[in-house]
Amino acid sequence: MDISIYFQPIDVSWFEFNEKRPRFGDTLTIFSDKEYFPEISDFDLAIIGVKESQKSNNKGCKDAPDKIRNYFYELFPGDYPAKIVDLGDII
């Protein structure tokens, strides 16, 4: 079953990666190319964004996945062997 049809790739061009030191975003596999969907069995943890604000009192909450990614990708990587993939946003 091809689950890639349920995900929208991430546009990473606007993320603020810091070039001086390696960041967590540099260690992740990120689904950013519609032609290549990562094989999920190769990873220990998957991140999935949900851009939804229907019936919410929080204006702008549909933008939360990208806001969280922007901060999350900037963290310094730790010394652990977990392989993590960001599958993008569920459609």
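The structure this text deals with has already been given above.
Residues numbered from 1 in each chain as written. Predicted model: local features only at pLDDT ≥ 70, side-chain atom pairs only at ≥ 80, totals over all residues. Heavy atoms only, no water.

Draft legend 1. Looking closely at the overall build of the protein chain. Tallying secondary structure elements over the protein chain gives two helices and four strands in all. The secondary structure elements of the protein chain, listed N-terminal to C-terminal, are β-α-β-β-α-β. Overall size of the protein chain, expressed as C-alpha extent along the three principal axes, is 40 × 35 × 20 Å. By residue count, 27% of the 91 residues in the protein chain fall in the buried class. Here the contacts in the protein chain between residues at least 6 apart in sequence split such that 76% fall between residues at least 24 apart. Taken together, the 11 basic and 17 acidic charged side chains of the protein chain have centroids lying 8 Å from each other. (Helix = DSSP H or I, 4+ residues; strand = E, 2+ residues; numbered from the N terminus. Buried < 20%, exposed > 50% of the residue type's maximum accessible area, 1.4 Å probe, protein only. Contact = heavy atoms within 4.5 Å. Lys, Arg positive; Asp, Glu negative; His and termini not counted. Charge placed at Lys NZ, Arg CZ, Asp CG, Glu CD.)

Draft legend 2. Summary view of the packing of aromatic side chains. If you walk through the whole model with that rule in mind, you get five aromatic pairs. Three or more aromatic residues joined by ring pairs form one cluster here, namely Phe24, Phe72, Tyr73 and Tyr80. (Phe/Tyr/Trp six-rings, centres within 6.5 Å; stacked < 30°, edge-to-face > 60°.)

Draft legend 3. Representation of the environment of Cys61 within the structure. Residue position: Cys61 is located in the loop between strand E3 (45-49) and helix H2 (64-72). You can call Cys61 partly exposed: its relative accessible area is 23%. In this structure the C-alpha to C-alpha distance between Cys61 and Lys51, which are ten residues apart in sequence, comes to 7.5 Å.

Draft legend 4. A look at the pairing of strand E4 (residues 84-90). In terms of residue burial, E4 counts as a mostly covered element, since six of its seven residues are buried. The pairing of strand E1 (residues 7-8) with E4 spans two bridges and is classified as antiparallel. When the sheet's bridge partners are listed, Phe7 is paired in E4 with Ile90. Summarising the sheet, strand E2 (residues 29-30) and E4 pair through two bridges and their orientation is parallel. Looking across to E4, one finds that Ile30 is bridged to Asp86. As defined by bridge partners, E3 adjoins E4 across four bridges and the pair is classed as parallel. Of the residues in E4, the one forming a bridge with Leu45 is Ile84. Between E3 and its parallel partner E4, the chain crosses via H2, and the hand of that crossover is right-handed. (Pairing = 2+ DSSP bridges. Right-handed = clockwise from strand over helix to strand, strands pointing away.)

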